[in-house]
Amino acid sequence: MAHPKRKTSNARRDRRRAQNFKLSAPGIVECPQCHEVKLAHRVCKRCGHYKGKEVVSNDN
């Protein structure tokens, strides 16, 4: 079986692992219709509006 000839340095190992870490939090904004907190660029779960239009009806 193949095995490394030299030990991988800590810097090289950490540089490779750095790709897996999330750098920023998701964009959280306030819905202009119902003022509920929601994720940016997504339909509001409470009122079903997106960009000023109702795209999902919440008829329960």
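Predicted model, so just to flag it, every value in this text is computed and none were measured.

1. Comments concerning a nonpolar patch on the surface
1) Next: A cluster of nonpolar side chains, namely I28, V37 and L39, defines an oily patch on the protein surface of about 280 Å² accessible area.
2) Next: Here L39 is to be found in strand 2 (residues 37-39).
3) Next: By relative accessible area, L39 is classed as partly exposed at 36%.

2. Quick word on the pattern of salt bridges
1) Next: One pass over the structure, following the stated rule, counts 2 salt bridges.
2) Next: A salt bridge links D14 to R13; its shortest N-O distance comes to 3.0 Å.
3) Next: Here D14 falls in the partly exposed class, since its relative accessible area comes to 39%.
4) Next: Where E36 meets R46, a salt bridge forms, and the shortest distance between an N and an O atom there is 3.6 Å. Note that E36 is positioned in the loop between strand 1 (28-30) and strand 2 and R46 in the loop between strand 2 and strand 3 (49-50), a separation of 10 residues in sequence.

Rules used throughout
Residues numbered from 1 in each chain as written. Predicted model: local features only at pLDDT ≥ 70, side-chain atom pairs only at ≥ 80, totals over all residues. Heavy atoms only, no water. Patch = residues over 30% accessible without salt bridge, like charges linked within 9 Å, V, L, I, M, F, W, Y side chains within 5 Å. Areas by Shrake-Rupley, 256 points an atom, 1.4 Å probe, with all protein chains shown as cover. Salt bridge = Lys/Arg side-chain N within 4 Å of Asp/Glu carboxyl O. Helix = DSSP H or I, 4+ residues; strand = E, 2+ residues; numbered from the N terminus. Buried < 20%, exposed > 50% of the residue type's maximum accessible area, 1.4 Å probe, protein only.

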